[in-house]
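# Structural features, examined
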Amino acid sequence: MKRRGLAWLLALVTALVLTGCGAAGSTEMAAADNSSSAVMEESVLAEPQAAYGTDGGTSGGASTGERTAKRIYTADLELETTAFDQAAEDLETLVETCGGYFQSSSVSGGGSDYRYAYYTIRVPSEQYRTFLDQAGTLCHQLSIQEYTDDVTEAYYDVEGRLKTQQTKLSRLQELLERAETMEDIITIESAISDTEQAIEDLSGTLRGYDAQVAYSTVNLTLREVYRLSNGEEPAENFGGRLSRAFSAGWRGFLELLENLAVALAYGWVLLVLLAAAGTGVVLVLRRRKKIQSPPERTAGEKKDDKRS
């Protein structure tokens, strides 16, 4: 009889987790057993009901109206600057001031190319708005996109299931202490192992949610440019438009000359080699021409030809 009661209690604990606190159905089934089993069932049901709340939802120990909202904030921010090194230093200072950190960073370009920096920045959620506002003043802001992911329901659902698994583990440990046969011990220990694994998985999910909620993510791109793309104000008259056109054309011409000078500076070795090769070809051609052309005759030879 004891063995039958122990197996029944083990099955009851497992059924509670699968049915999400099916208290009514479990009570009816337990009524068929002896009084001691009914007392144990009432004890098993008590904590899962508290964990899920009286409203039938996963309240995490509080009613739905008392839950703390769980939101994950993410932003994609694109900036440009003509002073890349100073801008990167200012961003680092801003991140430190806001209590954040660089999750990842990379810089590409350099030399004759303009540089690009890509940062993944984590800042405390309470400093999220402050960071975005101040970052936009350090450099010229090209674009910004923000996203909000409300994970409140998912968070408290996982929290409720975690509490249920913890209650189940406690009950299984109590049953293990009262087990009398090796078969019961093996069965209960297997159930404990599965429950501990479920607790570990659910705890990891909650930690992941907590990390994302506590620290917002900013994906920031910093571009080095020759001139900020602020955009020109529309001219009010023809003279203003013409003046702006001449000014823009002159800046474009200067930029073209700079790029050409940089390209020539990088390719001077090739130019020297080409010039040397061209000079060698010219000298060879001249030498061949001299060899192939007949020698000029002297004045005496020309007179002899006339006499003959």
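Keep in mind that this is a model prediction, so the values were computed, not measured.

Attention now moves to the overall build of the protein chain. Regarding its fold elements, the protein chain presents ten helices and five strands. Per-residue burial over the protein chain gives 28% buried out of 308 residues. Here the contacts in the protein chain between residues at least 6 apart in sequence split such that 76% fall between residues at least 24 apart. If you sum the accessible surface of the protein chain, you get close to 20000 Å²; carbon and sulfur atoms cover 54% of it.

Looking now at the sheet that holds strand β5 (residues 215–224). A sheet is described by the order of its strands in space; here five strands give the open sequence β2-β3-β5-β1-β4, paired in mixed fashion. The open sheet has two edge strands with one neighbour each: β2 (101–110) and β4 (140–150). Strand after strand, the sheet turns through a mean of 10° between neighbouring axes, direction not considered. Its contacts with the sheet place helix α5 (residues 128–138) against β1 (71–81), β3 (113–124), β4 and β5, and it is angled at close to 10° to β1.

This part takes up the packing of helix α4 (residues 84–97) against α5. Interhelical geometry of α4 versus α5 gives an angle of 165° and a closest axis separation of 10 Å. Overall, the two elements α4 and α5 adopt an arrangement that is roughly antiparallel. Taken as a pair, α4 and α5 cross one another with a handedness that is right-handed. Across the interface between the two elements, D90, L91, L94 and V95 of α4 pack against F131, Q134, A135 and L138 of α5. Here the contact of α4 with α5 is built from residues that sort into six nonpolar, one polar and one charged.

The next subject is α4. Look at α4: 20 Å from first C-alpha to last across 14 residues, which is about the 20 Å you get at 1.5 Å a residue. Those residues of α4 lying buried are F84, A87, A88, L91, L94 and V95. Projected onto a plane normal to the axis of α4, the buried residues spread over an arc of 125° and lie on a single side. Turned more than 90 degrees off the buried face of α4, the exposed positions are D85, E92, E96 and T97. Positive phi shows up at G99, right after α4, with a value of about 80°.

Okay, the packing of helix α6 (residues 152–178) against helix α7 (residues 182–214) next. It is at 9 Å that the axes of α6 and α7 come closest, and there the two elements cross at 155°. With respect to each other, α6 and α7 are oriented roughly antiparallel. The handedness of the crossing between α6 and α7 is left-handed. A breakdown of the residues in the contact of α6 with α7 according to their chemical character gives 17 nonpolar, six polar and six charged.

For the protein chain, per-residue confidence averages 77 on the pLDDT scale, and residues scoring 70 or more make up 68% of the total. Considering only residues more than four positions removed or in separate chains, one finds that residues 20–64, a stretch of pLDDT under 50, has 56 contacts. The low-confidence segment residues 232–236 (pLDDT under 50) makes seven contacts with residues lying over four places distant or belonging to another chain.

What counts, and where the lines are drawn
- Residues numbered from 1 in each chain as written.
- Predicted model: local features only at pLDDT ≥ 70, side-chain atom pairs only at ≥ 80, totals over all residues.
- Heavy atoms only, no water.
- Helix = DSSP H or I, 4+ residues; strand = E, 2+ residues; numbered from the N terminus.
- Buried < 20%, exposed > 50% of the residue type's maximum accessible area, 1.4 Å probe, protein only.
- Contact = heavy atoms within 4.5 Å.
- Areas by Shrake-Rupley, 256 points an atom, 1.4 Å probe, with all protein chains shown as cover.
- Pairing = 2+ DSSP bridges.
- Axes fitted to C-alpha atoms, helices over the stretch in contact; angles between N-to-C directions.
- Parallel < 35°, antiparallel > 145°, perpendicular 65-115°, else oblique.
- Left-handed = near helix turned anticlockwise from the far one by under 90°.
- Nonpolar A, V, L, I, M, F, W, Y, C, P; charged D, E, K, R; others polar.
- Expected span 1.5 Å × (residues − 1).
- Arc of directions from axis to C-beta.
- pLDDT = per-residue confidence, 0-100.

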